[in-house]
Amino acid sequence: TIPTILLLEISKQQQQTMGLFFGTGDVLWVALSLATSSPSPWTPKKGKTQQGMRVNRALRSTHSRREANRFISQGRLSRNGAVVTNPDHRLSSGDTVQLDGRSILWEEKDLQPHRYLKYHKPRGVVCTTDRRVEHNILDAMEMETILWSSTDIISPLVDASASSENCIDVDQSRSRRVYPIGRLDADSTGLILLTSNGDVVNPLLRSGDDKSKEYHVITEPMATDDDIRQLCEGVIITTLARRDGVAAVPVTAKTLPCIVEMMRAENNKKTRDDGNCDNDADGNQPFSPGELRFVIKEGRNRQIRKMCSTLGLEVTSLHRVAFAGITLHGCEGQGEYVDLTEDEMITIGGGPTREERRSPEEKARRKLKKQNKKRK
């Protein structure tokens with residue numbers, strides 16, 4: 001017969017480890033031998049044991065990760081004098097990183113604060129930072145006169161062997177590369193967010209209520225009530241999807257339910273005496289008869305255009321008015337851009353942290369409170 005043991009105190013995890021099964025009352029039937037039982041070894045989560053920044057992120061202020069990986073494969077990047085061969089190699093504070101023999105300021109403490117911008121994109125501007133592309137977004141915004149001088153757009157490096165008089169100005173060498181968060185088609189207009197902080201990009205591009213995007217759309221012909229109902233419920237479209245730099249592949253799936261409604265005439269902007277219309281306070285143009293309002297959570301490639309095309313509707317105008325709680329307020333005219341306010345930066349998950357926003361007095365008070373708590 002199987003022996004019985006009365007266990008008064010034993011954790012649930014230990015019970016599962018030793019293979020114990022409950023019987024009646026306080027008696028536990030031992031199914032496995034206690035002598036040979038041992039808890040499963042604890043395994044740390046992947047990536048938690050590695051500390052420090054990956055070496056391919058050392059150029060994040062001036063180059064994309066793909067460009068940095070190319071430099072590494074070409075043997076152009078070195079750490080503490082040794083050529084780097086693995087883009088996943090970790091850096092430690094104080095390490096010297098060089099590209100083509102020129103030192104790079106790579107630690108956060110050496111770089112300028114992150115930049116967060118919103119831009120009222122005109123038709124024809126391409127949402128790429130590749131300056132070889134005609135009408136790219138950086139040239140359209142004339143970013144070099146705002147963020148850095150033309151001498152260090154490509155590579156704001158500090159020559160380790162040069163004297164201080166011949167080095168690039170510190171403020172220039174600390175500047176950061178900015179890039180758009182998501183994109184709009186060249187034919188579309190409206191709000192584009194740009195940042196130098198890569199930590200906020202992926203969370204903003206994931207689907208979610210708090211990252212919804214709002215558009216004003218004109219179609220030809222006008223959408224019927226049945227068209228609007230189908231768009232709200234979701235339609236099957238095929239879009240290109242890219243994952244982790246892998247080549248884009250077509251994905252056919254139904255769109256998530258979204259808000260689609262006809263713009264109401266009573267909310268339209270009145271025309272001026274000369275017959276023209278002004279933008280409203282958020283930079284939105286007065287709408288046309290039959291104009292639709294879309295609020296979507298997804299960000300699939302050319303999603304709204306393909307949704308409408310499925311129902312035989314051609315999009316003739318697509319204008320984004322809001323993204324993740326940010327509107328065009330402050331840059332009402334096409335081609336204008338402004339820095340986000342502190343509240344707007346916090347809305348998208350950027351800006352100074354809560355700790356950084358605290359006053360020195362509050363920091364001292366919180367530190368004393370923690371010390372007193374430990375003594376108790």
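An account of the accompanying structure is given in this report.

Rules of the game
Residues numbered from 1 in each chain as written. Predicted model: local features only at pLDDT ≥ 70, side-chain atom pairs only at ≥ 80, totals over all residues. Heavy atoms only, no water. Helix = DSSP H or I, 4+ residues; strand = E, 2+ residues; numbered from the N terminus. Buried < 20%, exposed > 50% of the residue type's maximum accessible area, 1.4 Å probe, protein only. Contact = heavy atoms within 4.5 Å. Areas by Shrake-Rupley, 256 points an atom, 1.4 Å probe, with all protein chains shown as cover. Salt bridge = Lys/Arg side-chain N within 4 Å of Asp/Glu carboxyl O. Phe/Tyr/Trp six-rings, centres within 6.5 Å; stacked < 30°, edge-to-face > 60°. Lys NZ or Arg CZ within 6 Å of the ring centre and 35° of its normal. Core = buried A, V, L, I, M, F, W, Y, C linked by side-chain atoms within 4.5 Å. Patch = residues over 30% accessible without salt bridge, like charges linked within 9 Å, V, L, I, M, F, W, Y side chains within 5 Å. Lys, Arg positive; Asp, Glu negative; His and termini not counted. Charge placed at Lys NZ, Arg CZ, Asp CG, Glu CD. Pairing = 2+ DSSP bridges. Polar contact = N/O pair within 3.5 Å; in protein donor to acceptor, adjacent residues only side chain to side chain.

### Brief notes about the overall build of the chain
Summing up its helical and strand segments, the chain has 10 helices and 20 strands in all. Relative to its 376 residues, the chain shows a buried fraction of 35%. Across the chain, contacts joining residues at least 24 apart in sequence account for 63% of those joining residues at least 6 apart. Accessible area for the chain stands at about 23,100 Å²; split by element, carbon and sulfur atoms hold 49% of it.

### Thoughts on the pattern of salt bridges
Tallying each qualifying case throughout the model produces 16 salt bridges. With a closest N to O distance of 2.7 Å, Arg76 and Asp100 form a salt bridge. Of this pair, Arg76 sits in the loop between helix H2 (65-73) and strand E5 (77-79) while Asp100 sits in the loop between strand E8 (97-99) and strand E9 (102-104); the two residues are 24 residues apart in sequence, bridging distant segments of the chain. With a relative accessible area of 46%, Asp100 lands in the partly exposed category. Between Glu261 and Arg293 there is a salt bridge, and its shortest N-O distance comes to 2.7 Å. One end of the pair, Glu261, is in strand E16 (residues 259-262); the other, Arg293, is in strand E17 (residues 292-296), and 32 residues separate them in sequence.

### Points about unusual backbone geometry
Backbone torsion omega between Glu220 and Pro221 reads -5°, so that peptide bond is classified as cis. You will see that His135, though not glycine, has its phi angle at about 65°, which is positive. Inspection of the secondary structure puts His135 in the loop between strand E10 (116-121) and helix H3 (137-141). Non-glycine residue Arg302 carries a positive phi angle of around 50°. Inspection of the secondary structure puts Arg302 in the loop between E17 and helix H7 (303-310). Taking the relative accessible area as the measure of exposure, Arg302 reaches 39% and is therefore partly exposed.

### So, the packing of aromatic side chains
Evaluated as defined, the whole model comprises 0 aromatic pairs. If you follow Arg320 out to its NZ or CZ, it ends over the ring of Phe323, 5.2 Å from the centre.

### Considerations on the nonpolar core
For soluble globular proteins, nonpolar side chains are generally found buried alongside one another. Core analysis: the largest hydrophobic core is formed by 29 residues, its most contacted members being Ile137, Tyr215, Phe294 and Ile304. At the level of elements, E10, H3, strand E12 (189-195), strand E13 (213-220), helix H6 (225-233), E17, H7 and strand E18 (314-323) are the ones that each hand at least two residues to this core. Residue contacts for Ile137: discarding those within four places in its chain leaves Tyr119, Val125, Val126, Cys127, Thr128, Ile192 and Leu194.

### Brief notes about the side chain of Glu214
Note that Glu214 resides in strand E13. The class for Glu214 is buried, based on a relative accessible area of 19%. Not counting chain neighbours up to four residues away, the residues in contact with Glu214 comprise Arg293, Phe294, Val295, His319, Arg320, Val321 and Ala322.

### Here we look at a positive patch on the surface
Among the surface-exposed residues, Arg365, Arg366, Lys369, Lys370, Lys373 and Lys374 lie close enough to one another that they form a single positively charged patch. Mapped onto the secondary structure, Lys370 falls in helix H10 (residues 360-375). Judged by relative accessible area, which is 55%, Lys370 ranks as exposed.

### Describing the pairing of E17
Among the 5 residues of E17, 4 are classified as buried, and the element is accordingly described as predominantly covered. Judged from the 5 bridges that link them, E13 and E17 form a sheet pairing that is antiparallel. The residue bridging Glu214 from the neighbouring strand is Val295, located in E17. The pairing of E16 with E17 spans 4 bridges and is classified as antiparallel. Residue pairing in the sheet places Ile259 in a bridge with Val295 of E17.

### Examining the environment of Asp100
Linking Asp100 and Leu77, residues 23 residues apart in sequence, is a C-alpha distance of 6.5 Å. A polar contact of 2.7 Å, which involves the side chain of Asp100, links it to the side chain of Arg76.

### Structural notes on the pairing of E10
Counting buried positions over the 6 residues of E10 gives 6, a clear majority of the element. The pairing of E10 with E12 spans 6 bridges and is antiparallel. Across the sheet, the residue bridging to His120 is Leu191, located in E12.

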